[in-house]
Amino acid sequence: LKKLNVNNFDLQPDFLREKLTHEVAGRYVAALRSVYVRLYVNDAFYGLYLAVEQPDKVMMQSRYGPGEDGNLYEGEEQMGSSAGKPTLTYLGATQALYEKIYLLKSNEEENDYSRLIHFLDVLNNTPTAELPAKLEPICDVTNWMYGMAVNNLVVNLDSYTGVAAEYYLYDRTEDEAVRSLAFDILTPSQGQIGIMSGWLDAWGLPWTTARPRMEWM
């Protein structure tokens, strides 16, 4: 590892959601590795945190092999900008139209978006009947299906299937199949709280109960 992040379990009173999601997602797609840590700064104990791997070239080589040198992109919404969101929409052949919403995180000096633009062109502009034959050679469809399923399972709204942003794409060195990564899952299941509370309100039921936990089981 060259970098890691130390997360403080924001909006996670159980200290479990992010770690569990990493473990589940990692069975199906490239997901960030994480471990609980007791954080000390200058011998002062700051509490329990989660050390999380940084998505970068080192991570890609650990998942796909030491020879990996592909392009890693972060799909990032530019708030207040006309650039918009990384919705996987084809914006034309001009690279500059993609650079602000698909941030290149590797091979920055080469600055080559050509394979990403080709992928988006095929995805958006191919007739439906021809799409499987043209898309599958340049897109790991199974990887994308697994990734979207995991995001839906844990209600990860900071994702392509949620807000159409806050996700990573990786274009491998050895083949053209673009892949997605499990990323930005600080608050998985947080959306379920609002959904469930809305249902309880609609049904006229309280949010809490004096009954023992899990008694219904």
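Residues numbered from 1 in each chain as written. Predicted model: local features only at pLDDT ≥ 70, side-chain atom pairs only at ≥ 80, totals over all residues. Heavy atoms only, no water.

### Brief notes about the environment of Val178
Along the chain, Val178 falls in strand E8 (residues 178-182). With sequence-adjacent residues up to four places away left out, Val178 is seen in contact with Phe119, Ile138, Cys139, Asp140, Trp144, Leu169 and Tyr170. (Helix = DSSP H or I, 4+ residues; strand = E, 2+ residues; numbered from the N terminus. Contact = heavy atoms within 4.5 Å.)

### Points about the pattern of salt bridges
Following the criterion strictly, the structure yields nine salt bridges and no others. Of the charged contacts in the structure, one is a salt bridge between Arg172 and Glu68, with a shortest N-O distance of 2.7 Å. Of this pair, Arg172 sits in the loop between strand E7 (167-171) and E8 while Glu68 sits in the loop between helix H2 (57-64) and strand E5 (71-75), and the two are 104 residues apart along the sequence. A cluster of three or more residues bridged by salt bridges with shared partners is formed by Arg33, Glu53 and Arg63. (Salt bridge = Lys/Arg side-chain N within 4 Å of Asp/Glu carboxyl O.)

### Some words on a nonpolar patch on the surface
Taken together, the side chains of Phe15, Leu16, Leu20, Tyr36 and Leu48 make up a nonpolar region of the molecular surface, amounting to roughly 410 Å² of accessible area. With respect to the helices and strands, Tyr36 occurs in strand E3 (residues 34-41). (Patch = residues over 30% accessible without salt bridge, like charges linked within 9 Å, V, L, I, M, F, W, Y side chains within 5 Å. Areas by Shrake-Rupley, 256 points an atom, 1.4 Å probe, with all protein chains shown as cover.)

### Some words on the packing of aromatic side chains
The way to describe two aromatic rings as a pair is by their centre distance and the angle between their planes. A full pass over the atoms with the stated rule returns eight aromatic pairs. Where Tyr28 meets Tyr146, the ring centres are 5.0 Å apart and the plane angle is 35°; that geometry is what we call tilted. Of this pair, Tyr28 sits in the loop between helix H1 (17-25) and strand E2 (30-31) while Tyr146 sits in helix H6 (residues 141-153), placing them 118 residues apart in sequence. Judged by centre distance (6.3 Å) and plane angle (85°), the rings of Trp144 and Tyr160 are edge-to-face. Linking Trp144 in helix H6 with Tyr160 in the loop between H6 and E7, this pair joins segments that are 16 residues apart in sequence. (Phe/Tyr/Trp six-rings, centres within 6.5 Å; stacked < 30°, edge-to-face > 60°.)

### Structural notes on unusual backbone geometry
Residue Leu88 is not a glycine yet carries a positive backbone phi of 65°. Following the sequence through the fold, Leu88 ends up in the loop between E5 and helix H3 (96-99). Despite not being glycine, Asn107 shows a phi value in the positive range, around 50°. Position of Asn107 relative to the elements: it lies in the loop between strand E6 (102-104) and helix H4 (114-125).

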